[in-house]
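# An overview of the molecular structure
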Amino acid sequence: EYPAMNRFLGSLQKLPLRAFRTGTRKIHTAPVRSLFLLRPVPILLATGGGYAGYRQYEKYRERKLEKLGLEIPPKLASHWEVALYKSVPTRLLSRAWGRLNQVELPHWLRRPVYSLYIWTFGVNMKEAAVEDLHHYRNLSEFFRRKLKPQARPVCGLHSVISPSDGKILNFGQVKNCEVEQVKGVTYSLESFLGPRTSTEDLSFPPASSRDSFRNQLVTREGNELYHCVIYLAPGDYHCFHSPTDWTVSHRRHFPGSLMSVNPGMARWIKELFCHNERVVLTGDWKHGFFSLTAVGATNVGSIRIYFDQDLHTNSPRYSKGSYNDFSFVTHGNKEGVPMRKGEHLGEFNLGSTIVLIFEAPKDFNFRLKAGQKIRFGEALGSL
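Thresholds, definitions, all that
Residues numbered from 1 in each chain as written. Predicted model: local features only at pLDDT ≥ 70, side-chain atom pairs only at ≥ 80, totals over all residues. Heavy atoms only, no water. UniProt positions renumbered as here; feature names shortened; annotations may be inferred. Helix = DSSP H or I, 4+ residues; strand = E, 2+ residues; numbered from the N terminus. Contact = heavy atoms within 4.5 Å. Phe/Tyr/Trp six-rings, centres within 6.5 Å; stacked < 30°, edge-to-face > 60°. Buried < 20%, exposed > 50% of the residue type's maximum accessible area, 1.4 Å probe, protein only. Lys NZ or Arg CZ within 6 Å of the ring centre and 35° of its normal. Salt bridge = Lys/Arg side-chain N within 4 Å of Asp/Glu carboxyl O. Polar contact = N/O pair within 3.5 Å; in protein donor to acceptor, adjacent residues only side chain to side chain. Pairing = 2+ DSSP bridges. Expected span 1.5 Å × (residues − 1). Arc of directions from axis to C-beta. Axes fitted to C-alpha atoms, helices over the stretch in contact; angles between N-to-C directions.

Take the UniProt feature "active site" (unreviewed entry) in the protein chain next. The feature "active site" (unreviewed entry), as annotated in UniProt, sits at Asp165, His241 and Ser352 in this numbering. Across 188 residues in sequence, these annotated residues keep their C-alpha atoms within 14.2 Å of one another, forming a single compact spot. Relative to the elements of secondary structure, Asp165 occurs in the loop between strand S3 (160–161) and strand S4 (166–173). The contact partners of Asp165, leaving out residues within four places of it in the chain, are Arg152, Ile230, Tyr231, Leu232, Asp236, Tyr237, Ile374, Arg375 and Phe376.

Written out as structure tokens, the structure reads:
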């Protein structure tokens, strides 16, 4: 219908590469058809590299301001940035990393591989129960190495101790059902722990339309709800222990994303811990409700609870956005699983995060500072 237009487009496709001069500069022009041969991969790499460079500059600038003692307001990720990050197949990559960790290393390769890791992340092997690097057959065994008994004495004077080595990201009272993952960035308590149900074997009362979510957790008059967030870096001791004497009656597993949970990401992504895969253990201690949540992260899809053989994390059979419950209260065991303070509870495959949410009297005091390093067995707080 348009012979003139067709002839014009046909002539454009036959144009050769031309060169002409404008003053002293030589300019090359390509035929129009070459515009259709552009490859998307270089464009994506250039765009992604530019964005990554910009993020690194922002982090460098924030570190400079922190050294000057200036408070930096958090810059939260937009919805499209979070959606883009969640589209990365971190669960698949973490499963692949987990399988790689199980591969037995040749005897001659163990020392150089582990030595590189020790140097990179500052691991103190003098605390390890077995210091000989040749003893660890694969990366998984090295990550889950045990400590010497005297390396982490458990504080007996305080009612709550740190369940792991790590860095204190935040702590304090829970206000308005919102919990701070870092200063200024919050997540919903209900989204994190999941909805209350009317199942009789759960350790918390059923939901009520007239009670707030917080009031469903606080079981005793005059008590408050407290929280503490501990970040485990890749070089930290990867096992976690019971932070107090309590009874675990219920486990809830949330399959989810496996985004990084380092402090920088926690300042950037709101409700980061609610997006990620996590295992919530709930029960009671002498002052009421108590919970410990192990949050997964990139390359940390494996969360193990020693007394829970039915738990399988980062499994392809579970879909994001769901959760599954398991009760440790049975007809033969009316209370659950008793845990003593300092007792081995579980382990990560690499660094991650532990979140404690518990009920205590109003005179409970944390003995912490945000950002401080802490080791398993040291005091978190007491009455």
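Enumeration according to the criterion identifies 24 aromatic pairs in this entry. Seen from their ring centres, Phe254 and Tyr323 are 5.5 Å apart, and the 40° between their planes marks the pair as tilted. Pair noted here: Phe254 is in strand S9 (residues 246–254) and Tyr323 is in the loop between strand S12 (303–305) and strand S13 (324–327), with a separation of 69 residues, a long-range link. Classification of Phe254 as buried rests on a relative accessible area of 7%. On the basis of relative accessibility, which here comes to 33%, the residue Tyr323 falls in the partly exposed class. The structure contains a cluster of three or more aromatic residues connected by ring pairs, namely Phe171, Tyr226, Trp246, Trp285, Phe290, Phe358, Phe364 and Phe366. In this structure, Arg145 packs its charged tip against the face of Phe142, placed 4.9 Å from the ring centre. Across the ring face of Phe254, the terminal group of Arg278 is positioned such that the distance to the ring centre comes to 3.9 Å.

Turning to unusual backbone geometry, a few remarks are in order. In this model, Asn176 sits at a positive phi of 55°, which is unusual for a non-glycine residue. Residue classification places Asn176 among the exposed residues on the basis of a relative accessible area of 72%. Even without being a glycine, Glu271 presents a positive backbone phi close to 60°. If you trace the backbone, Glu271 turns up in the loop between helix H9 (263–268) and helix H10 (272–275). Residue classification places Glu271 among the partly exposed residues on the basis of a relative accessible area of 22%.

Attention now moves to the pattern of salt bridges. This structure, assessed with the given rule, holds twelve salt bridges. Residue Arg144 pairs with Glu347 through a salt bridge whose shortest N-O separation is 3.6 Å. With a gap of 203 residues between them, Arg144 in the loop between helix H6 (139–143) and S3 and Glu347 in strand S15 (residues 344–348) connect regions that are remote in the sequence. For Arg144, a relative accessible area of 25% translates into the label partly exposed. On the basis of relative accessible area, Glu347 is assigned to the buried category, the value being 5%. The network of salt bridges with shared partners includes Glu127, Arg152, Asp165 and Arg375.

Before going further, it helps to spend a moment on the side chain of Glu127. Turning to its location among the elements, Glu127 is positioned in the loop between helix H5 (107–121) and H6. Since its relative accessible area comes to 16%, Glu127 is described here as buried. A distance of 2.8 Å separates a polar atom in the side chain of Glu127 from a polar atom in the side chain of Arg375. If sequence neighbours within four positions are ignored, Glu127 has contacts with Lys146, Leu147, Lys148, Ala151, Arg152 and Arg375.

Every other side chain in a regular strand lies on the same face of the sheet, so the side chains alternate between the two faces. Along strand S16 (residues 353–361), nine of the nine residues are buried, which leaves the element largely enclosed by surrounding structure. Here strand S7 (residues 223–231) pairs with S16 via nine bridges, running antiparallel. Its bridge partner being in S16, His227 is matched across the sheet by Ile357. The pairing of strand S11 (residues 288–295) with S16 spans six bridges and is antiparallel.

On to the sheet that holds strand S19 (residues 379–382), then. With antiparallel pairing, the three strands of this open sheet are ordered in space as S3-S19-S17. The open sheet terminates on both sides in strands that have one partner only, identified here as S3 and strand S17 (365–366). As paired strands, S17 and S19 are joined by two bridges and run antiparallel to one another. Counterpart to Phe366 in the pairing with S19 is Gly381.

Moving on: H5. Taking 1.5 Å per residue, 15 residues should reach 21 Å; H5 reaches 22 Å between its end C-alpha atoms and fits that length. Listed in full, the buried residues belonging to H5 are Arg110, Tyr114, Tyr117 and Ile118. Viewed end-on, H5 has its buried residues packed into an arc of 100°, placing them on one side of the element. Away from its buried face, by an angle of more than 90 degrees, H5 presents the exposed residues Trp108, Leu116 and Trp119. Against H6 lie the buried residues of H5.

What follows deals with the environment of Ala151. Note on placement: Ala151 falls in the loop between H6 and S3. Owing to a relative accessible area of 14%, Ala151 belongs among the buried residues under this scheme. Considered as a pair, Ala151 and Glu127 are 24 residues apart in the sequence and their alpha carbons are 5.8 Å apart. If we skip the residues at most four places from it in the chain, Ala151 touches Glu127 and Arg375.

What follows concerns the sheet that holds S12. In spatial order, the strands read S8-S15-S12; together these three strands make up an open sheet with antiparallel pairing. One side of each edge strand has no neighbouring strand; the edge strands of this open sheet are strand S8 (239–241) and S12. Across the sheet, the mean angle from the axis of one strand to that of its neighbour is 20°, orientation sign disregarded. Of the strand pairs in this sheet, S8 and S15 are connected by three bridges, and their pairing is antiparallel. Bridge pairing in S15 places Phe240 opposite Gly346.

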